[in-house]
Amino acid sequence: MNFPELYILRHGQTLWNQEGRMQGELNSPLTPLGQAQAVRQGEILAGCDLKGFAFLSSPQGRAVQTAGIALAQIAQNIETDPRLREIGVGDWSGLLRDTLPLPEADDPYMAQYEIAPNGEGIAAVRERCRAFLYDLKGPAVVVTHGVTGRTLRELVVGTTGLAGSDIHGGQGCVYHLKNGSQKLIS
């Protein structure tokens, strides 16, 4: 399917990102670096023609904080959508990532999300991201999270279109998706 044009942003660095903790449904505030990353995202978007674009964010605090900084001079209205929230990591929420098992797999970090006790799992994230994309009425700027953003991008450009991409989407980056292709703007 040919989806509308998108700009996808991952929230800026949080305290828990800095500490290497699994966040999932929990929240941690942006660090000074995370705030600077959001400012940079806003600078990138200020140079784009966003006429007719919707502005959407995950309802989780770190994404809302990023959207407020990055889109402050651009968007008159930012809507939240719960389908843009980060993958649930269940019992691993708040734990240090390096203390958790890392499965042997082609993509061990994505596989790690599959084994999180009481976690959401990648298939569930893919389904809510697919529903979000099918409900889009036009072009949009989306502020979300690492796994959710990666899943959205994969659904739009395909697995081969993500080749060489950072699993978590790169904080401070803006991904431009149009006509089935992806361009990283940083």
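Reading the values: rules and limits
Residues numbered from 1 in each chain as written. Predicted model: local features only at pLDDT ≥ 70, side-chain atom pairs only at ≥ 80, totals over all residues. Heavy atoms only, no water. Helix = DSSP H or I, 4+ residues; strand = E, 2+ residues; numbered from the N terminus. Rg over C-alpha atoms; globule rule 2.2 N^0.38 Å. Buried < 20%, exposed > 50% of the residue type's maximum accessible area, 1.4 Å probe, protein only. Phe/Tyr/Trp six-rings, centres within 6.5 Å; stacked < 30°, edge-to-face > 60°. Lys NZ or Arg CZ within 6 Å of the ring centre and 35° of its normal. Pairing = 2+ DSSP bridges. Right-handed = clockwise from strand over helix to strand, strands pointing away. Contact = heavy atoms within 4.5 Å. Axes fitted to C-alpha atoms, helices over the stretch in contact; angles between N-to-C directions.

(A) Looking closely at the overall build of the protein chain. A count of helices and strands for the protein chain gives six helices and six strands. Scanning the protein chain from its N terminus toward the C terminus, one meets helices and strands in the order β-α-α-β-α-β-α-α-β-α-β-β. The C-alpha radius of gyration of the protein chain comes to 15 Å, within 12% of the 16 Å expected for a compact globule of 186 residues. By its C-alpha atoms, the protein chain is 45 × 40 × 25 Å across when sized along the principal axes.

(B) Expanded view of unusual backbone geometry. Notably, Asn-118 is not glycine yet its phi reads approximately 65°, a positive angle. With respect to the helices, strands and loops of the structure, Asn-118 is situated in the loop between helix H4 (108-114) and helix H5 (122-135). The class for Asn-118 is exposed, based on a relative accessible area of 66%. With a phi angle near 55°, Asn-179 is a residue other than glycine that sits in the positive phi range.

(C) Structural view of the packing of aromatic side chains. In total, this model carries two aromatic pairs according to the counting rule given. With a centroid separation of 5.7 Å and 50° between ring planes, the pair formed by Tyr-7 and Phe-53 is classed as tilted. Of this pair, Tyr-7 sits in strand E1 (residues 6-10) while Phe-53 sits in the loop between helix H2 (32-46) and strand E2 (54-57); the two residues are 46 residues apart in sequence, bridging distant segments of the chain. Across this residue pair, the class does not change: Tyr-7 and Phe-53 are buried. Directly above the aromatic system of Tyr-175 lies the positively charged group of Arg-153, at a separation of 3.9 Å from the ring centroid.

(D) Inspection of the environment of Ala-46 at higher detail. Mapped onto the fold, Ala-46 is located in helix H2. For Ala-46, a relative accessible area of 58% translates into the label exposed. Separated by 27 residues in the primary sequence, Ala-46 and Gln-73 have C-alpha atoms spaced 8.0 Å apart.

(E) The pairing of strand E5 (residues 174-178), seen in detail. Taking burial as the measure, the five residues of E5 include four buried ones, the bulk of the element. Pairing between E5 and strand E6 (residues 181-185): five bridges, direction antiparallel. The residue of E6 that forms the bridge with Lys-178 is Ser-181. Hairpin connection between E5 and E6: a loop of two residues separates the two successive antiparallel strands, and Asn-179 in this loop has a positive phi of roughly 55°.

(F) Structural view of the pairing of E2. Here E2 runs beside strand E4 (residues 140-144); their pairing, made up of four bridges, is parallel. Each bridged residue has a counterpart across the sheet, and for Ser-57 the counterpart in E4 is Val-143. Looking at chain direction, E2 and strand E3 (residues 79-80) are connected through two bridges and run parallel. Opposite Ser-57, over in E3, you have Thr-80 as the bridge partner. For the handedness criterion, the β-α-β arrangement of E2, helix H3 (residues 61-70) and E3 is classed as right-handed.

(G) Summary view of the sheet that holds E4. The mixed open sheet is built from six strands, whose spatial order is E3-E2-E4-E1-E5-E6. Of all the strands in the sheet, the pair left with one neighbour each is E3 and E6. Relative to E4, H3 is tilted by about 135°, and along the sheet it contacts E1, E2, E3 and E4.

That's the geometry; what it means functionally is another story.
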